[in-house]
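Close look at the chain arrangement
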Amino acid sequence: MKIDEIQIRVRYGETDQMGVVYHGNYALYLEMGRIEWLRKLGVSYKKMEESGIMLPVVSMSLYFKKSACYDDVINVKTQLINTPTAKIEFAYEITNQKGEILTKANTVLVFVDMKTNRPVRAPKYILDVLKG
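Conventions used here
Residues numbered from 1 in each chain as written. Predicted model: local features only at pLDDT ≥ 70, side-chain atom pairs only at ≥ 80, totals over all residues. Heavy atoms only, no water. Helix = DSSP H or I, 4+ residues; strand = E, 2+ residues; numbered from the N terminus. Buried < 20%, exposed > 50% of the residue type's maximum accessible area, 1.4 Å probe, protein only. Contact = heavy atoms within 4.5 Å. Pairing = 2+ DSSP bridges.

Remarks on the environment of Met 60
- Position of Met 60 among the secondary structure elements: in strand S3 (residues 57–64).
- By relative accessible area, Met 60 is classed as partly exposed at 37%.
- C-alpha of Met 60 to C-alpha of Leu 109: the two residues are 49 residues apart in sequence and 9.0 Å apart in space.
- Those residues in contact with Met 60, other than ones at most four positions away along the chain, are Ala 27, Leu 30, Asn 106 and Thr 107.

Here's what the structure looks like:
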C-alpha cells in the first residue's frame, strides 16, 4: 500500500535527562507521519473535521529496539496497511540517520461522525484518492 517518509530532528525538550527521547513522544512522531501521509494524498485533517468527520486513534502499539537521542535526525516511514473501511490502519518504522531501526509501530484509527459520535465508512474522496 502507499508509503511516505518524513524526517524529524529530535529536539532537546523531547528527551529525558540522559538525552534519550521520552517514550511518550513517539506517539507525536507517528501522528506527524500520518498527517503528512494524508496531506501528500491531498487529504487534510482540518478539512475532514470541518466536514464533520474525526479520526481518533483506537489502538497503538510500539516496539522499541534502540533509543533516539537529542539532535538525531530520525526518519518516520508510514505505510497504509489495508484499504480503509470504517477504520484505517498504519504501520510505521522509525530509523536513525545510520538507517538503524529504532522503533516499529502500528496504529488503528476510526472514522467517526462528530454529530452522532458513531463510526462511519471512510469518506469517498479518501477512497478515490487511494485508487488513483
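After presenting the structure, the write-up continues.
Regarding unusual backbone geometry
- Here Asp 71, not a glycine, exhibits a phi torsion of approximately 75 degrees, which is positive.
- With respect to the element layout, Asp 71 can be found in the loop between S3 and strand S4 (73–80).
- Located in the positive-phi region is Asn 117, a residue other than glycine, with phi close to 60 degrees.
- Residue position: Asn 117 is located in the loop between strand S7 (112–113) and strand S8 (118–119).
- Take Asn 117: its relative accessible area is 54%, and that puts it in the exposed class.

Some thoughts on the pairing of strand S6 (residues 101–110)
- Counting buried positions along S6 yields eight of ten residues, so the element is predominantly enclosed.
- Taken together, the seven bridges between S3 and S6 define a ladder with antiparallel strand orientation. Following the sheet pairing, Tyr 63 is matched in S6 by Lys 104.
- When strand S5 (residues 87–95) meets S6, the two strands line up antiparallel, connected through nine bridges.

The values are spatial; any link to function lies outside them.
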